[in-house]
Amino acid sequence: MKIILIAGPTATGKTEVSVKLAHKINAEIISMDSMQVYKGLDIGTAKANEQEMDGIKHYMIDVLDPTENCSVAWFKSTVKDLISDISARGKIPILVGGTGFYINAVLFDTNFDEQITTDYKAEFTAFYYDYGKEQLFAKLQDVDPESASTIHPNNVKRVIRALEFFSQNGFPISKHNKEEKYKRFDNISPYDYTFFALNMSRDTLYSRINRRVDLMVDNGLFHEVEKLFNRGLDENLAALQGIGYKELFPFFKGQLSKDEVIDILKRNTRRFAKRQITWFNHQSNPIFIEVDELGFNSEKIANTIIELSNLRKF
């Protein structure tokens, strides 16, 4: 099955380009952003509105309540089903954005063990509360020293996850991760995919990010987060750990001023974009498109993608 992936740091124009491309090649769009699946998280996730979708069908948007968990295994399974359905109807799936781990899970059909029982999690969580993170980490060092060398002892969630995996499967999660990593480096994918990464000069990107945050604030970001805050939601929920949400909670708790949280949001978004660029540089076959050199013209960018993918226009 043929698929197109359009990724890139935040504020590179992925939404406009993907919609333009979809019109040209008879395609539908699947969001690969693990935060856009949540209802009510619109402005902070830069979720495409009806006007921006321009009649193109979008998937994986507004699927879960913020109180629900978006597991990578569920995300992968759902997206794979969507790819099959879109392809069966003679259209091309365009995967847009997203979260690097989730992208690789789909592209390289990463295996996830869904059979880990809550008993193991409860067991190791109880051990943590009784004996502390040092003793918990010592357990990991005993059964999976390779994972212990890459996981910080303070990251209790990942330590417990690694211990769960070993208890359930009888072999370390580091072995599992290594096998899945080989798939990516060997470019073993069930799909005929072309991976495009939109890019631009770093100074231009950071300037666009700062303007974008200001625009989000003008468009009601604080009101959006206030509604979530007033629901009494736990700020540690996965849905509220996304950039644009976790930064604003201190304002509503009276801990920081509005200007302070806006500055922090801009800083964190720039840092996130830098991490995204690093991730793209370590992927197997991304084709970088310098969108600033194309004048940020979505028509030109979409046509470039078509030419490089040998796609047929409709």
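As the structure is a computational prediction, the values presented were derived from the model and not from experiment.

Asks: I'm lost on the packing of aromatic side chains in this one. Help?
Replies: Following the criterion strictly, the structure yields 14 aromatic pairs and no others. Aromatic pair phenylalanine 75 and tyrosine 102: ring centres 4.8 Å apart, planes at 80 degrees, arrangement edge-to-face. Taken together, the residues span a long stretch of sequence, with phenylalanine 75 in helix 3 (residues 72-88) and tyrosine 102 in helix 4 (residues 100-107) at a distance of 27 residues. Across the pair, tyrosine 102 and phenylalanine 75 agree in class, each one buried.

Asks: I'm lost on the packing of helix 1 (residues 14-25) against helix 14 (residues 298-309) in this one. Help?
Replies: Two measures define how a pair of helices packs: the angle their axes make with one another and the distance between the axes. Remark: helix 1 packs on helix 14, axes separated minimally by 9 Å, with the N-to-C direction vectors making an angle of 55 degrees. Overall, the two elements helix 1 and helix 14 adopt an arrangement that is oblique. Along this stretch, helix 1 crosses helix 14, giving a crossing that reads as right-handed. Facing helix 1, whose interface residues are Glu16, Val17, Lys20, Leu21, Lys24 and Ile25, helix 14 presents Ser298, Glu299, Ile301, Ala302, Asn303, Ile305 and Ile306.

Asks: Would you mind going over the nonpolar core with me for this structure?
Replies: As a rule of thumb, nonpolar side chains are buried together in soluble globular proteins. Ranked by size, the top nonpolar core spans 48 residues in total, and within it Ile30, Met32, Met60, Phe75, Val79, Ile83 and Leu95 carry the most contacts. At the level of secondary structure, the elements contributing two or more residues to this core comprise strand 1 (2-7), helix 3, helix 4, strand 5 (192-199), helix 10 (202-218), helix 11 (221-230), helix 12 (249-252) and helix 13 (258-281). Looking at this core element by element, the count peaks at 6 residues for helix 3. In this view, valine 79 contacts Ile30, Met32, Met60 and Val106; residues no more than four positions away in its chain are not counted. Residues Leu198, Met200, Ile289 and Ile301 belong to the second largest nonpolar core, which totals 28 residues.

Asks: Can you help me understand a positive patch on the surface in this one?
Replies: On the surface, a cluster of positive charge is contributed by Lys246, Arg267, Arg271 and Arg275. With respect to the helices and strands, the residue arginine 275 is situated in helix 13.

Asks: Got a minute to help me understand the side chain of aspartate 33 in this structure?
Replies: You can see aspartate 33 is positioned in the loop between strand 2 (27-31) and helix 2 (50-53). At 7.3 Å, arginine 212 is the nearest oppositely charged side chain to aspartate 33, a buried residue that forms no salt bridge. A polar side-chain atom of aspartate 33 sits 2.7 Å from the main-chain amide nitrogen of methionine 35. Residues in contact with aspartate 33, not counting those within four places in the same chain, are Thr45, Phe75, Val96, Gly98 and Thr99.

Asks: Help me out: how do you make sense of the environment of tyrosine 206 in this one?
Replies: As for its placement among the helices and strands, tyrosine 206 is situated in helix 10. With 103 residues separating them in the primary sequence, tyrosine 206 and serine 309 have C-alpha atoms 29 Å apart. Once residues within four sequence positions are removed from consideration, tyrosine 206 is found in contact with Arg270 and Lys274.

Asks: So what exactly am I meant to see when it comes to the pattern of salt bridges here?
Replies: Side-chain pairs of opposite charge can arise whenever the charged atoms involved come near each other. Scanning the model with the defined rule gives 12 salt bridges in all. With a closest N to O distance of 2.9 Å, aspartate 42 and lysine 47 form a salt bridge. Each of Lys20, Lys24 and Glu299 takes part in one network of salt bridges that share partners.

Asks: Any chance you could explain the packing of helix 10 against helix 13 here in plain terms?
Replies: Relative orientation of the contacting elements helix 10 and helix 13 amounts to 140 degrees, with a least axis distance of 10 Å. One finds that helix 10 runs oblique with respect to helix 13. The handedness of the crossing between helix 10 and helix 13 comes out as right-handed. Residues Arg202, Leu205, Tyr206, Ile209, Asn210, Val213, Asp214 and Val217 of helix 10 form the contact with helix 13, whose own contacting residues are Lys258, Ile262, Leu265, Lys266, Thr269, Arg270, Ala273, Lys274 and Ile277. In terms of residue class, the contact of helix 10 with helix 13 is made up of 9 nonpolar, 2 polar and 6 charged.

Asks: What exactly am I supposed to notice about helix 6 (residues 133-143) here?
Replies: Quick reminder: α-helices carry 3.6 residues per turn. Residues three or four places apart thus point the same way. What helix 6 keeps buried is the set Leu136, Phe137 and Leu140. On an axial view of helix 6, the arc spanned by its buried residues comes to 95 degrees, and they lie on one face. Projecting away from the buried face of helix 6 at angles above 90 degrees are the exposed residues Glu134 and Asp142.

Asks: Would you mind going over the pairing of strand 5 with me for this structure?
Replies: Among the 8 residues that make up strand 5, 7 are buried, leaving the element largely enclosed by the rest of the structure. When strand 1 meets strand 5, the two strands line up parallel, connected through 6 bridges. Residue pairing across strands places isoleucine 4 opposite threonine 194, the latter belonging to strand 5. Alignment of strand 5 against strand 6 (residues 286-290), held across 5 bridges, turns out to be parallel.

Procedures and definitions
Residues numbered from 1 in each chain as written. Predicted model: local features only at pLDDT ≥ 70, side-chain atom pairs only at ≥ 80, totals over all residues. Heavy atoms only, no water. Phe/Tyr/Trp six-rings, centres within 6.5 Å; stacked < 30°, edge-to-face > 60°. Helix = DSSP H or I, 4+ residues; strand = E, 2+ residues; numbered from the N terminus. Buried < 20%, exposed > 50% of the residue type's maximum accessible area, 1.4 Å probe, protein only. Axes fitted to C-alpha atoms, helices over the stretch in contact; angles between N-to-C directions. Parallel < 35°, antiparallel > 145°, perpendicular 65-115°, else oblique. Left-handed = near helix turned anticlockwise from the far one by under 90°. Contact = heavy atoms within 4.5 Å. Core = buried A, V, L, I, M, F, W, Y, C linked by side-chain atoms within 4.5 Å. Patch = residues over 30% accessible without salt bridge, like charges linked within 9 Å, V, L, I, M, F, W, Y side chains within 5 Å. Areas by Shrake-Rupley, 256 points an atom, 1.4 Å probe, with all protein chains shown as cover. Salt bridge = Lys/Arg side-chain N within 4 Å of Asp/Glu carboxyl O. Lys, Arg positive; Asp, Glu negative; His and termini not counted. Charge placed at Lys NZ, Arg CZ, Asp CG, Glu CD. Polar contact = N/O pair within 3.5 Å; in protein donor to acceptor, adjacent residues only side chain to side chain. Nonpolar A, V, L, I, M, F, W, Y, C, P; charged D, E, K, R; others polar. Arc of directions from axis to C-beta. Pairing = 2+ DSSP bridges.

Don't take any of this as a statement about function, it's just geometry.
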